[in-house]
Amino acid sequence: MHARPFPLPELARQLRALPPSLGPVRLVAVDGHAGSGKSTFAERLAAELSGAPVLHLDDIATHEELFAWTGRLMEEVVEPLGRGESAVYRPYDWRARHYGPPRTLPPADVVLIEGVGAGRRALRPWLARLMWMRMPRETAWARGRDRDGEEQRAFWNGWVRAEARHFAEDPSEPYANLLVRQVPEGYEVLPGRAAATSK
């Protein structure tokens, strides 16, 4: 028997009904292991939120700062959104290894932030909801390796060590309000360990 998918329009309605968490913004994080489907889920949820802005943490992280980007994110994104202003950041080009032209992230009612580390402790005070993609890390990493191909093999070897170290020091899953799992017809959405203390 397959799990019954949760209707994304209903999830979008629930997120819109939350009180703002960062200035006028409801900042919603989608975290999980690399390769677990965070980007696809966030884009589908954004579509149900009438095109809500999505910040991909792959645009914030760099080869030199796989996880040490908190200060830049706070200064360029969190602080402006908290003032009700548009955030401006320069996305990192992973192949060219340099920053691209500036992008703007408006202070919409709901802003999604997706990527490994989106639920880190430095961001949690500003989150309206934290969602965790429920997939074993070995499965997610295998999917990610298949997606990125042989040319990224050396990168992935370093990445898995860095990701494991990050979540050992700063886990997100225990603080998730919702657990999301991809099923054949969509997504199953279950209460996370932090659901009982959700605002």
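Reading the values: the criteria
Residues numbered from 1 in each chain as written. Predicted model: local features only at pLDDT ≥ 70, side-chain atom pairs only at ≥ 80, totals over all residues. Heavy atoms only, no water. Core = buried A, V, L, I, M, F, W, Y, C linked by side-chain atoms within 4.5 Å. Buried < 20%, exposed > 50% of the residue type's maximum accessible area, 1.4 Å probe, protein only. Helix = DSSP H or I, 4+ residues; strand = E, 2+ residues; numbered from the N terminus. Contact = heavy atoms within 4.5 Å. Phe/Tyr/Trp six-rings, centres within 6.5 Å; stacked < 30°, edge-to-face > 60°. Lys NZ or Arg CZ within 6 Å of the ring centre and 35° of its normal. Axes fitted to C-alpha atoms, helices over the stretch in contact; angles between N-to-C directions. Parallel < 35°, antiparallel > 145°, perpendicular 65-115°, else oblique. Nonpolar A, V, L, I, M, F, W, Y, C, P; charged D, E, K, R; others polar. Expected span 1.5 Å × (residues − 1). Bend = angle between axes of the 7 residues up to and from the residue.

### Describing the nonpolar core
- Among the nonpolar cores identified, the biggest contains 36 residues, and L55, L73, L105, I113 and W159 are the most heavily contacted of them.
- Put simply, the parts of the chain that give this core at least two residues each are β1 (26–31), α3 (70–82), β3 (87–89), β7 (110–114), β8 (127–133) and α5 (153–169).
- Setting aside residues no more than four positions away along its own chain, L55 makes contact with I60, L73, V77, Y89, L105, L112, I113 and E114.
- In terms of nonpolar packing, the next biggest core, distinct from the first, is built from 23 residues, L18, V30, A42 and L178 among them.

### Comments concerning the packing of aromatic side chains
- Inspection of the entire model under this criterion finds seven aromatic pairs.
- Taken together through their ring pairs, the aromatic side chains of F67, Y92, W94, Y99, F155 and W159 make up a single cluster.
- Above the plane of the ring of W69 lies R120, whose end atom (NZ or CZ) is 3.7 Å from the centre.
- One Lys or Arg, R124, reaches over the ring of Y175 and ends 3.7 Å from the middle of that ring.

### A closer look at unusual backbone geometry
- You will see that S50, though not glycine, has its phi angle at about 60°, which is positive.
- On the secondary structure map, S50 appears in the loop between α2 (38–48) and β2 (54–56).
- Despite not being glycine, R97 has its phi angle at roughly 60°, a positive value.

### Points about the packing of helix α1 (residues 8–16) against α2
- Following both chains from N to C, one finds α1 and α2 inclined at 75°, their axes separated by 9 Å at the closest point. Judged on the interaxial angle alone, α2 and α1 are roughly perpendicular. In this structure, α1 uses L8, P9, L11, A12, L15 and R16 to contact α2, whose residues at the interface are F41, R44, L45 and E48.
- Considering only residue class, the contact of α1 with α2 consists of seven nonpolar, no polar and three charged.

### Here's the deal with α3
- Between its first and last C-alpha atoms α3 spans 16 Å; for 13 residues at 1.5 Å apiece the expected length is 18 Å, and the helix comes up short by more than 12%.
- Remark: the principal bend of α3, roughly 25°, maps to E76, with a proline, P80, within the next four residues.
- Buried within α3 are the following residues: R72, L73, M74, V77, V78, P80 and L81.
- Tucked into the core, α3 has its buried residues touching β2, β3, β5 (98–99), β6 (103–105) and β7.
- A positive backbone phi angle near 80° is found at G84, which sits one or two residues after α3.

Everything listed here is a matter of coordinates, which is why it stays silent on function.
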